[in-house]
Each structure stands twice: as C-alpha cells, then as structure tokens.
Amino acid sequence: MSQTLQAIRGMNDILPADAELWEQFEEQVRDWLRAYGYLPIRMPMVEPTPLFARAIGEVTDIVEKEMYSFTDGLNGEQLTLRPEGTASCVRAVLQHNLLYDGPKRLWYMGPMFRHERPQKGRYRQFHQVGVEAMGFAGPDIDAEQIVMCARLWDDLGLEGIRLEINSLGQPEERARHRSELVAYLSGHADKLDTDAQRRLHTNPLRILDSKNPHMQELVDGAPKLIDYLGEASLKHFEGVQALLREAAIPCRINPRLVRGLDYYNLTVFEWVTDQLGAQGTVCAGGRYDGLVAQLGGKPAPACGFAMGIERLLALWLDQGNRHAVQVPDVYVVHQGEAAALHAFRAAERLRDAGFAVHLHCGGGSFKSQMKKADGSGALLAAIIGDDEAAANQVSLKPLRDEVEQRRIDFDELADTVGTLLYEWEDDDGSI
Ligand code: ATP
Ligand code: MG
C-alpha cells in the first residue's frame, strides 16, 4: 500500500472550522484598515533573491539561514519565496511609481516562508498582515500605526498584549554605538556564546537581543544605543511617545529591542503577550526611512509593521473565544425526479433573495435527509416531494422551533422564509 502524502513540516492545512475563524479575522482586519485609509496591494510570493538580500540585510538570520531559495531551472535566475512583505511592497511601489502623487498607505495579507524550526507559534509557512506607510516622515504616522494596533486588539477582544518601543536612531548614530559596543563585547569575549561570537563583527546589535540567560549580565552592562542618539532622533522618539500618552496607550521603552531586519531606523516597536510561551511577539514594526532609496528609489521615509496571524488567532482562542460557525438559513430536502428539479429551482430562488441555502445532494430517504438538515444547523428545512412539485408548492419546516410545518406556493417561498427568519430575529435579537 502506498503511504499517504503529508504536507511539508511547518506548513499547515487550515481546515474548515479554523478557516472560518480566519475569514472572520480577515473581515475584521479589512474593516479596521479601511478605517485608517489603508489601500490593499498584492505582491507575488516569489521574488528575485537579491531583493531580500539587499533589503533585509546579508547578515540577518532571515537571509543567512531562513530563506527558501532556488534556481529557476529555465533561466538560472536565483529566486526566493518571500520571507516577509516589506521588501516586495517597496519593490512594487518603486516599479509602478506609486509615490508620484504623494505618500501612500498600503496593506497586504498572505503567506510568508521561513526555514525555521517548527514549534508552537513558529512555522515555515506562516501568515502576516503587513501595513506600510510610505512618504511620511513625522512621528505622527509611527504613533498612528501603534494606536491602530491597539484598536485592533480591542476590536478582536484580545487582552494582555503589551507594547514595547525603542529608537534605533540614524545609521551614523548606530555606527558610533556599534563600534563602542564591539569594543565592550570584545573585552568580554570569554562570556560570549557561540551565536554572539558569530555576530560580534557582523550584527553586534542583535547580541543585545540574546535570549541566553548566561549573557544577561553582560548585555545589561553594554553601551545603550539611546545614549548615542542625536537631538533630532530624540525629538522624533519623544514625539511618538507624546502621541501615545495622548492616546492613553501604555508602553515600555525597551532599550534592547532591535529588529532582525537591517532596514529599520528611529522608531521600532513590538506587541508582546506572555500567554503564548516563547513565541510571544504578535506584531512588530518600525520606521525604515532608508529602504526606498536602498532599493533604488527616490528617498522616501516610511514606517510599517507586520503581525503574525497564527499567533494572534492562537491567543484569541486561548482567551476562551469561540467563533460563530457558519450555518445555512435553509436546508432543502427532496425526493423524486420532478421534486429534484423543483428543489434545484427553489434553492436558486432563495439564493436570489440573499439566503444561504444547502441543497441536499446524493439522495436518501426523507428521514435521513431530515437528519442531515438538522445536523447542518439550518433554521428551516424546505421539503419537496412529488406532491409539492406537482402543485408548484414547497413545505417549510422550522427546525429550531415548535412551529408547525406549513405548505406554501413556490412564488411565496422567499417572502415566507424572510418573514420566518425575521420573526426569530425579533424574538431574541439574533438568529
Ligand atoms: P521572531 O523574533 O518571533 O522570530 P521576527 O522578528 O523574525 O519574529 P518579523 O519578521 O518581525 O518577526 O515578523 C513579524 C511577525 O510575524 C512576528 O512578530 C510574528 O508574529 C510573525 N512571525 C514571524 N516569523 C514567524 C514564524 N516563523 N511563524 C509564525 N509567525 C511568525
Ligand atoms: Mg524570526
């Protein structure tokens, strides 16, 4: 016997019960983005590898070891499954000259691919909602993006997600800090773990983000980037904080917060929860003023963030939420050849009127079909036998109520269903 094929490790099927939850989440996200004036954009899932190397940085974890890259067998081009969306989004904006008439607020949602060790909250195909504002220089857009996240947590009823922010300053400021940091860390070379030794000369800032408890003391005593920021950088950072205070969003300044992508400057932020174990960051972002120029465009300041949908939904479920399961309004059962045609027409007529209809397919006795109707969660069964078909009628049986079955003319079907459903809605406020 041949073995059943399995999905790739770390790449998950999202089965109907979960997929419904995803759709509800996506709908809410769309409404939320509309409220802030963000427009949708969709980019390809495969891009030329150099895009990510240039945008994210050659010595980042993502580019060094997490990318799914391959050679196009036809023309030898190096390609990569996108590990994140910002680089693609900036590429698309530049390719189509979208900033020609001013700044743009854009968003996208979809799968990202990283070759990481799969574990709870960490997958090889995962999904992000990405939000990018390009052409905006002031701290107001940074603050607005943070505030908008808070609103989404509220819309979703999520609790216990806290905000951490930091400023990475400008590249020159980081360079000064970096050389002193390297000097400090080199002076304690014996205390560096292998990861830190590897990063010492490539990406020393990332060492400050180390999760290794044996390095905490060393990290705590390291030169802090914030002490190297100039007046303009500090002013921007204070501007963001003032707006957050105004919006009553509590935040913790975390001087160790650095991002795993090289393109960030000034404001960086993360939304973190303690309820998801080690994978507690549900949303992360910040300013990337240099990226547009770095990818060949006319310089344009920008700010954005991405959230991990799997982590947010896991949190939502952990907090005891249950999503509404989609049920049909009407389940149509039928028996006999003439009845089958009549049922088909009845179902379409009801859909014309806007109802969700499940037409029984596959035959079976009335009794077994009624069981299916009951199990579907529908509120009404439309029953059609040869009698009904011959008289151009339909029998309607309420399934969640002790109301009598009644027989009506075909032409009254949609109106009667509407009235019945509407009555129930009146009874308890919901159907
Ligand atoms: P982490 O530190 O958890 O690896 P990151 O800094 O690599 O995160 P970003 O590139 O900033 O993550 O991506 C933004 C968000 O996307 C993360 O905060 C997280 O919610 C989600 N995310 C990132 N990588 C994964 C993954 N492999 N599986 C699931 N979600 C992920
Ligand atoms: Mg990562």
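For clarity, every value in this text was computed on a predicted model and none was experimentally measured. (Residues numbered from 1 in each chain as written. Chains lettered and ligands numbered in written order. Predicted model: local features only at pLDDT ≥ 70, side-chain atom pairs only at ≥ 80, totals over all residues. Heavy atoms only, no water.)

K.L.:
When you look at the sheet that holds strand β11 (residues 302-308) in this model, what are you seeing that I'm missing?
P.N.:
Read across the open sheet, the eight strands follow the order β1-β5-β6-β11-β10-β9-β7-β8; overall the sheet is mixed. If you trace the sheet from one side to the other, it starts and ends with β1 (39-40) and β8 (251-253), each paired once. For strand β10 (residues 281-287) and β11, the ladder comprises five bridges, and the chain directions are antiparallel. Paired with glycine 285 across the bridge in β11 is phenylalanine 305. (Pairing = 2+ DSSP bridges. Helix = DSSP H or I, 4+ residues; strand = E, 2+ residues; numbered from the N terminus.)

K.L.:
Looking at this structure, I do not really get the packing of aromatic side chains. What am I missing?
P.N.:
Taken as a whole and assessed by the stated rule, the structure comprises five aromatic pairs. Among the aromatic residues, those joined into a cluster by ring pairs are Trp32, Phe269 and Phe305. The cationic tip of arginine 345 hangs over the ring face of phenylalanine 410; the distance from NZ or CZ to the ring centre is 4.6 Å. (Phe/Tyr/Trp six-rings, centres within 6.5 Å; stacked < 30°, edge-to-face > 60°. Lys NZ or Arg CZ within 6 Å of the ring centre and 35° of its normal.)

K.L.:
Can you help me understand the sheet that holds strand β14 (residues 380-384) in this one?
P.N.:
The strands making up a sheet are joined through hydrogen bonds of the backbone, oriented either antiparallel or parallel. Spatial ordering of the open sheet is given by β13-β12-β14-β15-β16, a layout of five strands whose pairing is mixed. Strands with a single pairing partner mark the edges of an open sheet, and in this sheet they are β13 (357-359) and β16 (406-409). Taking each pair of neighbouring strands and ignoring which way they run, the sheet shows an average axis angle of 30°. In the sheet, β14 pairs with strand β15 (residues 393-398) via four bridges, with the strands oriented antiparallel. Looking at β15, one finds that alanine 382 is bridged to leucine 396. Each of β12 (330-334), β13, β14 and β15 touches helix α12 (residues 337-352); the most contacted strand, β13, lies at about 165° to it. In the packing of helix α13 (residues 366-375) onto the sheet, the strands contacted are β12, β14 and β15, and the crossing angle to β12 comes to about 170°. (Axes fitted to C-alpha atoms, helices over the stretch in contact; angles between N-to-C directions. Contact = heavy atoms within 4.5 Å.)

K.L.:
In this structure, what is going on with the site of ligand 1? I would like to understand it.
P.N.:
Around ligand 1, the surrounding shell holds 16 residues, and the nearest of these are Arg114, Glu116, Arg122, Arg259 and Thr281. Taking glutamine 128, its side chain carries an N or O atom lying 3.0 Å from an oxygen atom of ligand 1. Contact between ligand 1 and glycine 308: an oxygen atom at 3.4 Å from a main-chain N or O atom of the residue. In isolation ligand 1 has 580 Å² of accessible area, and contact with the protein removes 89% of it. With four residues, the single largest contributor to the shell around ligand 1 is β10. Taken together, the residues of the shell around ligand 1 sort by class into seven nonpolar, four polar and five charged. (Near = heavy atom within 4 Å. Polar contact = N/O pair within 3.5 Å; in protein donor to acceptor, adjacent residues only side chain to side chain. Areas by Shrake-Rupley, 256 points an atom, 1.4 Å probe, with all protein chains shown as cover. Nonpolar A, V, L, I, M, F, W, Y, C, P; charged D, E, K, R; others polar.)

Honestly, that's just the spatial picture; any functional story needs more than this.
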